[in-house]
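# Inside the fold
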Amino acid sequence: MPFFELLSRQLKVTHAQSAQPLAESNTDVRQYRAVTLSGNESPKDTSPKISSPKLKTSKYLFSAGLACLLAAHSQITLAADSLTIEQQRQLYEETQTKLRLKKITYSDVPYDKLENYPLTSYLKFQELNKKIRTVSGTEIDAYLSEYPGSWLSDRLRINWLKQLASSKKWTQFRQYYDSSVKSIELKCMYLQAEYRAGNKDILGEVASVWNQGKSQPKACDRIFSTWLKSDYFTPEIAWSRYLKAIEKRKLSLASYIERHLNDDVKPLAKQLKNLYHYPSRLNRLLSKTDSPKEIEDVIHYGVKRYSRHNAKATLSLWEKFDAAYLLDADKRNETTEYLAYRLILDGKNDLANRLLERNQVVSERIIERQLRDALKQQDWKNVKLGIAKLPEESQQSHRWRYWQLRASEALNELSKEKAQQGYLELSVYRDFYSFLAAERAQMPYELAHQSVQPAAETLSTVGKIPALERSRELFKLGKINQARMEWRYGTRGFDTPSLIAVGALANDWGWHRKTIESLGKAKFWDDLTLRFPLIYQDEIQKVANATTLAPEYLLAIARQESAFAPDARSPAGAMGLMQLMPATANQTAKRMGIPYRKKDLLVPQHNILIGGNYLGQMLTRFNGNRILATAAYNAGPHRVSRWLNPENKRVDFDIWIETIPFKETRGYVQNVLSYSLIYSHLMGEEKKLLNQKEWEELL
């Protein structure tokens, strides 16, 4: 007999009305979203603490049931303990296969042999989910109690709530619903159920659901209709949503919201929609000085939209609006900064500077944009002036300390000795600019490797967390998406020592992406052997032998692209370790004369083979210069060719990298070059950041 049935039968002895649903654990419920790997090693994750649900049963019933359960459980444990984890893993896979092929039913599942196996919860979940239309609340309670705060418990709760809603069992629905359920549809159903049950104050929670810049599920219509007729609805909320809809280009939604606006702002709403279609009509607002206060929102929207088409003309109108209206200071500064940035993008630096100075607005992104323009022109005087305008914290960053030294050298403001001393002081760190400084100071690179040694107690505690035990098993079975979800649930709220410990555990499993991710989240950067694993060396060496690529260069690309996740997929469609676009991979395979199948991009050896050959093509195209080849691998070779300066305006390599138009590509090139250096040292090669040709070539 399945274990949860044994438990539930004990609980069913009591009168049906006495069975109370369990208190929900306060956990996040998140729908799985395909993981995209953009090089960020420390994804943000904030989660509440987990609270355990409590069964409400009579003392007599509990004692009698407990006696039965203990007797049964002792037999189950004995049977389960007789199998090794490898045997249980094999039995689990065989059982799943037989269930899928319908060779057995869930009553045939050998729970007695799998009871202590981490993935038994998946079989129990599948069984309950399969019969969700007929399952009892007691069986649901048993599962939620046995696996509190787990990913599958949250999934089961959501499926159970949907079933209760379809059966119109609203009393039970209200009992099982919890605010941790991240479903707008279920939230609206809950709000409606509460209101129907007499909780009129629940209408106070509707505004946050309604006031969104997108259409909400149909299940929300009824509670929205009630709320719109109540005192909780205000015209200000309607205007706020109208503005959000226009900003998100949801014009049909905006038309729906229009009917709920006050009559005095409806003309402004039409003006706002008009500006979406015809931004140049912004000047028509100058005659609307007697309009309601909402006109300020229309002005700010119109200025930002029109500036994307004609920043100079927008500036003239903005000055008139600024003189005619008493605008909110924060919004005024925000629009001023936005307009100034658009002016700079249009090459109107003088106008942008005057606008910012007149309004005393300081914008770091504008200063950095102007700094890069000055660097490209090798206008060292304005480079120094620009750095001086940055906030003190930014001035002390390694980036701008490096460029401060370069500018002072170019202006002959530092003696050779003082310049060397400045580079020497900067060279003691481990990043791209410190590596450049070490080269200029003619000093060895400071890699500062420090092996991590988690406390044995912490390792033991972390390793026994049920969600992480399940994650490990799923990873072993190649169920990576499910393993990720269990990992996410298991590591919520971890402190720094726990993150370091779980990173070390993931390394032992061979899940290097999670090692890199965990150490990044812990901000522990110094264990280079964990953060830069030497893996896929046979595959990489084969490609290196067949091309002019160095193994450390290939490793650096894979590390930057996917952090060694073979199944990585980007929002743009890039796939695998080296993040190849299928069309590019297909063309490269044809040039190589090898078969191509899209699914092979998720197989490491195929991905490395095709990705390495494509990288080799880029290196050949740009005459062996890794700076340009790396930029081309990220942004495309045609863009890189356009970014190269004319013969008479060529610049040093560091200026070229710093002035790459795309921030992503700029960071990508710096990371790959730095990672390649680190890998060469880990491999005992101790190569330079750049070879002599790359250092000396003007770009």
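Everything below is about the structure shown above.
Here's a quick rundown of the structure. (Residues numbered from 1 in each chain as written. Predicted model: local features only at pLDDT ≥ 70, side-chain atom pairs only at ≥ 80, totals over all residues. Heavy atoms only, no water.)

## Some points on the overall build of the protein chain
Of regular secondary structure, the protein chain possesses 39 helices and zero strands. Out of the 699 residues belonging to the protein chain, those deemed buried represent 49%. Within the structure as shown, the protein chain displays about 34,700 Å² of accessible surface, and the carbon and sulfur contribution to it stands at 48%. (Helix = DSSP H or I, 4+ residues; strand = E, 2+ residues; numbered from the N terminus. Buried < 20%, exposed > 50% of the residue type's maximum accessible area, 1.4 Å probe, protein only. Areas by Shrake-Rupley, 256 points an atom, 1.4 Å probe, with all protein chains shown as cover.)

## Observations concerning the nonpolar core
Most often, soluble globular proteins have nonpolar side chains that are buried together. Judged by nonpolar contacts, the single largest core of 115 residues is most densely connected at F173, W210, W227, W239, Y242 and F321. Looking at which element gives the most residues to this core, the answer is helix α7 (residues 151–166), with eight residues. If we ignore the near neighbours within four places in the chain, the residues touching F173 are L161, L164, A165, L186, M189 and Y190. If you look at the next biggest cluster of nonpolar residues, it comprises 81 residues, including L375, L405, L426 and L677. (Core = buried A, V, L, I, M, F, W, Y, C linked by side-chain atoms within 4.5 Å. Contact = heavy atoms within 4.5 Å.)

## Let's talk about the side chain of R492
For R492, the position within the fold is in the loop between α27 (480–490) and α28 (496–509). Among the residues examined, R492 registers a relative accessible area of 11% and is labelled buried. There is a polar contact of 3.5 Å between the side chain of R492 and the backbone oxygen of Y489. (Polar contact = N/O pair within 3.5 Å; in protein donor to acceptor, adjacent residues only side chain to side chain.)

## Regarding the side chain of R372
Checked against the element boundaries, R372 lands in helix α19 (residues 364–376). The buried category is assigned to R372, whose relative accessible area is 11%. Residue contacts for R372: discarding those within four places in its chain leaves R399, W400, E658, T659 and R666.

## Here we look at the layout of surface pockets
Of the voids in this model, the largest pocket is the one considered here, and its volume is about 720 Å³. Along its surface, the largest pocket is lined by 36 residues, and I465, P466, A467, L468 and E469 are the ones closest to its centre. Counting only elements with at least two residues in the lining of the largest pocket, the list comes to α5 (120–130), α25 (456–463), α26 (466–476), α27 and α28. Among the elements that take part in the lining of the largest pocket, α26 stands out by supplying seven residues, more than any other. Class assignment of the residues belonging to the lining of the largest pocket gives a composition of 17 nonpolar, 10 polar and nine charged. (1 Å grid on protein atoms, 1.4 Å probe; cavity = no way out; pocket = protein on both sides within 12 Å on 5 of 7 lines; lining within 4 Å. Points joined across faces, edges and corners; volume = space filled by probe spheres on them. Nonpolar A, V, L, I, M, F, W, Y, C, P; charged D, E, K, R; others polar.)

## Quick notes on the packing of aromatic side chains
Scanning all chains against the criterion turns up 26 aromatic pairs. Relative to W403, the ring of Y402 lies with its centre 5.1 Å away and its plane at 80 degrees, an arrangement referred to as edge-to-face. Given a relative accessible area of 1%, W403 falls into the buried group. Considering the side-chain rings of F475 and W511, the 4.9 Å spacing of their centres and the 15 degrees angle between planes classify their relative orientation as stacked. Highlighted residues: F475 in helix α26 and W511 in the loop between α28 and α29 (512–521), separated in sequence by 36 residues. Among the residues examined, F475 registers a relative accessible area of 18% and is labelled buried. With a relative accessible area of 5%, W511 lands in the buried category. Every member of this aromatic cluster is reached through a ring pair, and the members are W380, Y402, W403, Y423, F432 and Y433. (Phe/Tyr/Trp six-rings, centres within 6.5 Å; stacked < 30°, edge-to-face > 60°.)

Interpretation in functional terms is not warranted from these geometric data alone.
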